[in-house]
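For reference, the chains in residue letters:
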Amino acid sequence: MRKPFICGNWKMNKTIAEGLDFIEKVNLEKLNEGVEYAVAAPFVMLQKLKEKSKNIKIAAQNVHYEKSGAYTGEVSFDMLKEIGVDYVIIGHSERRQYFAETDETVNKKVLKALEYKIYPIVCVGETLEERESNKAKDVVEIQVKKALENVAKQDLSNIVIAYEPIWAIGTGKTASSDDAQDMCAFIRKTIEALFDKDVADLVRIQYGGSVKPDNVSDIMSKNDIDGALVGGASLVSTDFVKLVNF
Ligand code: PGA
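What you see is a predicted model; the values in this text were computed from it and never measured.

Student: How would you summarise helix α11 (residues 237-244) if you had to cite specific residues and measurements?
Tutor: Residues lying three or four places apart along an α-helix face the same way, a consequence of the helix completing one turn every 3.6 residues. All buried positions along α11 are accounted for by Ser237, Phe240, Val241, Leu243 and Val244. On an axial view of α11, the arc spanned by its buried residues comes to 160°, and they lie on one face. As for α11, its buried residues are in contact with β1 (5-9), α1 (16-27), β2 (36-41), α10 (216-220) and β8 (227-230).

Student: Please give an account of the layout of surface pockets that cites residues and values.
Tutor: Estimates place the volume of the largest pocket at around 440 Å³. Residue lining of the largest pocket: 14 residues in total, with Lys11, Met12, Gln61, Arg95 and Phe99 positioned closest to the centre. Per-element accounting of the lining of the largest pocket gives the leading share, three residues, to helix α4 (residues 93-98). For the lining of the largest pocket, the residue count by class is seven nonpolar, four polar and three charged.

Student: Give a description of the site of the ligand that names residues and reports values.
Tutor: Lys11, His92, Glu164, Gly170 and Ser210 are the nearest of the 13 residues found near the ligand. Lysine 11 is positioned such that a nitrogen or oxygen atom in its side chain is 2.7 Å from an oxygen atom of the ligand. Here an oxygen atom of the ligand sits 2.6 Å away from a polar atom, N or O, in the side chain of glutamate 164. Taking 290 Å² as the accessible area of the ligand by itself, protein coverage stands at 95%. Grouping the amino acids of the shell around the ligand by side-chain chemistry returns four nonpolar, seven polar and two charged.

Student: I'd like a description of the nonpolar core, backed by residues and values.
Tutor: Within the largest apolar cluster, 81 residues are counted, with the highest numbers of intra-cluster contacts made by Ile121, Ile159, Ile187, Ile191 and Tyr207. Per-element tally for this core: the top contributor is helix α8 (residues 177-194), with six residues. Contact partners of tyrosine 207, with chain neighbours within four places excluded, come to Tyr163, Pro165, Ala168, Thr174, Ala175, Ala180, Ile219, Ile225, Gly227, Ala228 and Leu229.

What counts, and at which threshold
- Residues numbered from 1 in each chain as written.
- Predicted model: local features only at pLDDT ≥ 70, side-chain atom pairs only at ≥ 80, totals over all residues.
- Heavy atoms only, no water.
- Buried < 20%, exposed > 50% of the residue type's maximum accessible area, 1.4 Å probe, protein only.
- Helix = DSSP H or I, 4+ residues; strand = E, 2+ residues; numbered from the N terminus.
- Arc of directions from axis to C-beta.
- Contact = heavy atoms within 4.5 Å.
- 1 Å grid on protein atoms, 1.4 Å probe; cavity = no way out; pocket = protein on both sides within 12 Å on 5 of 7 lines; lining within 4 Å.
- Points joined across faces, edges and corners; volume = space filled by probe spheres on them.
- Nonpolar A, V, L, I, M, F, W, Y, C, P; charged D, E, K, R; others polar.
- Near = heavy atom within 4 Å.
- Polar contact = N/O pair within 3.5 Å; in protein donor to acceptor, adjacent residues only side chain to side chain.
- Areas by Shrake-Rupley, 256 points an atom, 1.4 Å probe, with all protein chains shown as cover.
- Core = buried A, V, L, I, M, F, W, Y, C linked by side-chain atoms within 4.5 Å.

By themselves, these observations are geometric and do not establish any function.
Written out as structure tokens, the structure reads:
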């Protein structure tokens, strides 16, 4: 019912030439048709990647919620729309940590993304300290609720939630697939409480945090995990292909 969705997050890696080389290599591969796949790339290469890509969807890693104006260094939804960008990552923990992204800006961006039909991949997740003090679910519940404030029920199926425990990002420490499943099920329950079960069952929830070719199938075998948001292991085209062909 929910199409699996593997999204690479290149973060601040690759030149345009390297990005294009990756797309060309993946274009030649036979990839699982039952899986949707994308790469979230730096702004400067989005247009070229979009032109080159056959079946790989293209995502931005951030966007501004204002339509236009004096926001030096920012990129708007109209600009992304012109390129034909498919998805946008919103509220990645690195944006929250280093660039002052808040639950409030996340919510503004989510609402705009739905309006523009550039579908949001909304990141939520707890710190190690929050997990160790048993607050992980409280934290994630608040993040999910705030992100979805004022979202219309009929738009919900266009939202992807990425559960990314911060302590598992780029550290080589993956949450156990059972812990990841437990939190993703909790996120679905939170959405059900906000809306209803039918619509909660349509929302795709990804896990992210040190996903690699050798652990992706275990993670993808879980009932409430519908995909993965993958940083480090998405940089090499052969690994990306293995992730999609989990
Ligand atoms: P990682 O990053 O796969 O390198 O842990 C995941 C992410 O930040 O989306």
